[in-house]
Amino acid sequence: MIESIPVIIIATLFILATSVFFFGSFYLVLEYIYGAFFQKPFYVHFYLKLKKLPGNQLDILSGQFEFFKKLPQNEQLYFEHRVAAFLEKYLFYGREGLTVTDEMKVKIAATSAMLTFGMQKYLYTVFDKIILYPDIYYSQTNKVYHKGEFNPKLKTLVFSWKHFQEGFEFENDNLNLGLHEFAHTLHFQCLRNTSISAIIYRVNYEKLLKEVNHKPNHDRLIESGYFREYAFSNQLEFIAVILEHFFETPEKFKLYFPELYQNVKRMINYKE
């Protein structure tokens, strides 16, 4: 009897593992079917335990980040959780004598959370550190001056803090460095990920490209003057620029280009 106990345990564990695998695979199939049909994840917010920010960081978030202030109370708890998880995961470094403060960390984390708030997967694997400069800096990668950049080879996000701040001081000029660089990062992540949110992003990105590349639509986009000229330098810059517009001047975006607006909305599962 004693000798048979390990066999029973092994058999039980095998049955449990098989059941978990079966039901896990079954759930994934259902999730992908649901996502394909409704163009959104089966769920977005599900957390076994909500993470909390220290009081000083929560004060920064609730006092200085407009997107957070407008959320319902329960969604503020989810947003706080995502900001806290972001701050736990990524390292911050200051350069040229810049001291990284809680305000810098919270605003950067909140910018990422704002962009991905409608997506299941909100943390990135394509970078692991954030470097901050006080102002425009010289990039050793491509030997030019930058305000910000995402470098997937070095797994690094870089910002000029001065210009990051300006993106939120002028909230309707469609220039937001934080959103712009996180848009590049999200795009790179979604093209290499198999999560349901990434798949929905890719499907709607392809639809967006097809719509934008249709010559009458493309000509109208340029003639409108709504998107700055830099948006049309390449596809990567276009998606980053339109995400800036999506968050900074949504009413104008919706009025001028309603179909494009809805496509972007589905792409990141944004809830108005």
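In short, a report on the structure. Please read these numbers as outputs of a predicted model, since none were measured by experiment. (Residues numbered from 1 in each chain as written. Predicted model: local features only at pLDDT ≥ 70, side-chain atom pairs only at ≥ 80, totals over all residues. Heavy atoms only, no water.)

### Remarks on the overall build of the protein chain
- Of regular secondary structure, the protein chain possesses twelve helices and six strands.
- Burial analysis of the protein chain (272 residues in total) assigns 44% to the buried set.
- Sequence separation of 24 or more characterises 69% of the internal contacts of the protein chain that already satisfy a separation of 6 or more. (Helix = DSSP H or I, 4+ residues; strand = E, 2+ residues; numbered from the N terminus. Buried < 20%, exposed > 50% of the residue type's maximum accessible area, 1.4 Å probe, protein only. Contact = heavy atoms within 4.5 Å.)

### A short note on a nonpolar patch on the surface
- Residues Phe42, Tyr43, Phe46 and Leu48 make up a contiguous nonpolar surface patch of about 520 Å² in total accessible area.
- Within the secondary structure, Leu48 sits in the loop between helix H1 (5-38) and helix H2 (55-64).
- Of the residues examined, Leu48 reaches a relative accessible area of 85% and is grouped as exposed. (Patch = residues over 30% accessible without salt bridge, like charges linked within 9 Å, V, L, I, M, F, W, Y side chains within 5 Å. Areas by Shrake-Rupley, 256 points an atom, 1.4 Å probe, with all protein chains shown as cover. Salt bridge = Lys/Arg side-chain N within 4 Å of Asp/Glu carboxyl O.)

### Brief notes about the pattern of salt bridges
- For the coordinates displayed, the defined rule picks out eleven salt bridges.
- A salt bridge links Glu103 to Lys107; its shortest N-O distance comes to 2.8 Å. Taken together, the residues span about one helical turn, with Glu103 and Lys107 both in helix H5 (residues 102-115) at a distance of four residues.
- Put simply, Glu272 and Lys254 hold a salt bridge, and the shortest N to O gap is 2.8 Å. In this pair, Glu272 sits in the segment after helix H12 (258-267) while Lys254 sits in helix H11 (residues 250-256), placing the two residues 18 residues apart along the sequence.
- With a relative accessible area of 53%, Glu272 lands in the exposed category.
- Overlapping salt bridges bring together Lys254, Lys265 and Glu272 as one network.

### Focus on the packing of aromatic side chains
- Counted according to the given criterion, the structure contains 37 aromatic pairs.
- Between the aromatic rings of Phe150 and Phe188, the centroid separation amounts to 5.5 Å while the plane-to-plane angle is 70°, which identifies the pairing as edge-to-face. You can see Phe150 sitting in strand E5 (residues 148-151) and its partner Phe188 sitting in helix H7 (residues 177-190), a full 38 residues away along the chain.
- For Phe188, a relative accessible area of 23% gives the class partly exposed.
- Centroid distance Tyr201 to Tyr205: 6.3 Å. Interplanar angle 15°. Geometry classified as stacked. One end of the pair, Tyr201, and the other, Tyr205, are both in helix H8 (residues 196-213), four residues apart, so they sit about a helical turn from each other.
- What makes Tyr201 buried here is its relative accessible area of 0%.
- Judged by its relative accessible area of 5%, Tyr205 falls in the buried class.
- The ring of Phe188 has Arg192 lying over it, and the distance from NZ or CZ to the ring centre is 3.5 Å. (Phe/Tyr/Trp six-rings, centres within 6.5 Å; stacked < 30°, edge-to-face > 60°. Lys NZ or Arg CZ within 6 Å of the ring centre and 35° of its normal.)

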